[in-house]
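Spelled out from the first residue to the last, the chains are:
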Amino acid sequence: MPQESAFVRLLLALQDIPYGDFTYKLIPTLSRERIIGVRLPALRKVAKELTKQQPEEVAQFLHTLPHCYHEENLLHGFLIEQVKAFDKAIAYTEAFLPHIDNWAVCDTFSPKLFQKHPKETYTHIVQWLKGPQPYTIRYGIGLLLSNYLDDYFESEMLSLVASIQSDEYYVNMMIAWYFATALAKQYEATLPLIQSQTLSPFVQNKTIQKARESRRISQEVKNFLLQYKLPTI
């Protein structure tokens, strides 16, 4: 392991080894040595305190990539959430995305600023979905799921996600999650895509499975969706 920075020493002081063991079981793509074991509420609290008390050190940390520990990456995302200027938050996010190496970091941070600038953020999302890194793609889909299925929804977004071709499990799971949520929130727009059966069998069937697990979808619709499952090899 590299020499410990002040921020790493701070994280080590918050270490919860059993929680680290639990985290390791949830993230099979990480080695146990890279997980300190710090709970998310503690990390969010640290991010707020560091932003107020050590802004220069935070700026240096945000410009220092890649990190070694999983919790450094989580902290990095939470520090981006504290940035007040949209252009800076986007720039920091774009620099950080290629270094995300697991679903937990990918799914955990989402600057509220992005919700206040939906059009500008969307232009970046479109580019992220076309990138080569699986977690950059997953992050873009996740933002579409959380921020663009209500007031800012456009049907073209469904086509954008449907056009993604990937062999990555964590990308395809997020695509399915997105379409299942779209069925709950934008049913009339989303149903024709499911009926067309043009998604990969994995995504199609996972979408239907997740929709059938949703409390926001009626039993009648859940039963109706079953006919659109695809055979798998």
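A brief structural summary.

Parameters and conventions
- Residues numbered from 1 in each chain as written.
- Predicted model: local features only at pLDDT ≥ 70, side-chain atom pairs only at ≥ 80, totals over all residues.
- Heavy atoms only, no water.
- Helix = DSSP H or I, 4+ residues; strand = E, 2+ residues; numbered from the N terminus.
- Rg over C-alpha atoms; globule rule 2.2 N^0.38 Å.
- Buried < 20%, exposed > 50% of the residue type's maximum accessible area, 1.4 Å probe, protein only.
- Contact = heavy atoms within 4.5 Å.
- Areas by Shrake-Rupley, 256 points an atom, 1.4 Å probe, with all protein chains shown as cover.
- Lys, Arg positive; Asp, Glu negative; His and termini not counted.
- Charge placed at Lys NZ, Arg CZ, Asp CG, Glu CD.
- Arc of directions from axis to C-beta.
- Polar contact = N/O pair within 3.5 Å; in protein donor to acceptor, adjacent residues only side chain to side chain.
- Salt bridge = Lys/Arg side-chain N within 4 Å of Asp/Glu carboxyl O.

1. A word on the overall build of the protein
Piece 1. Looking only at helices and strands, the protein features 15 helices and zero strands.
Piece 2. Here the protein has a C-alpha radius of gyration of 19 Å; the compact-globule value for 233 residues is 17 Å, and the two agree.
Piece 3. Projected onto its principal axes, the C-alpha coordinates of the protein cover approximately 55 × 40 × 30 Å.
Piece 4. Scored against the burial criterion, the 233 residues of the protein give a buried share of 48%.
Piece 5. Of the contacts formed within the protein by residues at least 6 apart in sequence, a portion of 69% connects residues at least 24 apart.
Piece 6. If you sum the accessible surface of the protein, you get close to 12400 Å²; carbon and sulfur atoms cover 52% of it.
Piece 7. In the protein, the 24 positive side-chain charges and the 24 negative ones have mean positions that sit 6 Å from each other.

2. So, helix α6 (residues 86–96)
Piece 1. Restricting attention to buried positions, one finds in α6 the residues F86, A89, I90, Y92, T93 and F96. End-on, the buried residues of α6 take up no more than an arc of 165°, which puts them together on one face. In α6, the exposed residues that point more than 90 degrees away from the buried face are D87 and K88.
Piece 2. In the core, the buried residues of α6 are packed alongside α4 (55–62), α5 (70–81), α7 (103–108), α8 (113–116), α9 (118–128) and α10 (134–147).

3. Looking at the side chain of R34
Piece 1. Along the chain, R34 falls in the loop between α2 (17–26) and α3 (40–53).
Piece 2. The class for R34 is buried, based on a relative accessible area of 19%.
Piece 3. There is a polar contact of 2.7 Å between the side chain of R34 and the backbone oxygen of C68.
Piece 4. Side chain to side chain, R34 and D101 meet in a polar contact 2.8 Å long.

4. With respect to the pattern of salt bridges
Piece 1. A complete count under the given rule lists six salt bridges for this structure.
Piece 2. Note that R39 and D16 form a salt bridge whose closest N and O atoms lie 3.3 Å from each other. Residue R39 is found in the loop between α2 and α3, and its partner D16 is found in the loop between α1 (6–13) and α2; the two are separated by 23 residues along the sequence.
Piece 3. We classify D16 as partly exposed; its relative accessible area is 23%.
Piece 4. Among the salt bridges present, the one from E81 reaches R44, with a minimum N-O distance of 2.9 Å.

5. So, the environment of T64
Piece 1. Looking at where T64 falls in the secondary structure, it is placed in the loop between α4 and α5.
Piece 2. What makes T64 partly exposed here is its relative accessible area of 40%.
Piece 3. Separated by 32 residues in sequence, T64 and F96 place their C-alpha atoms 9.7 Å apart.

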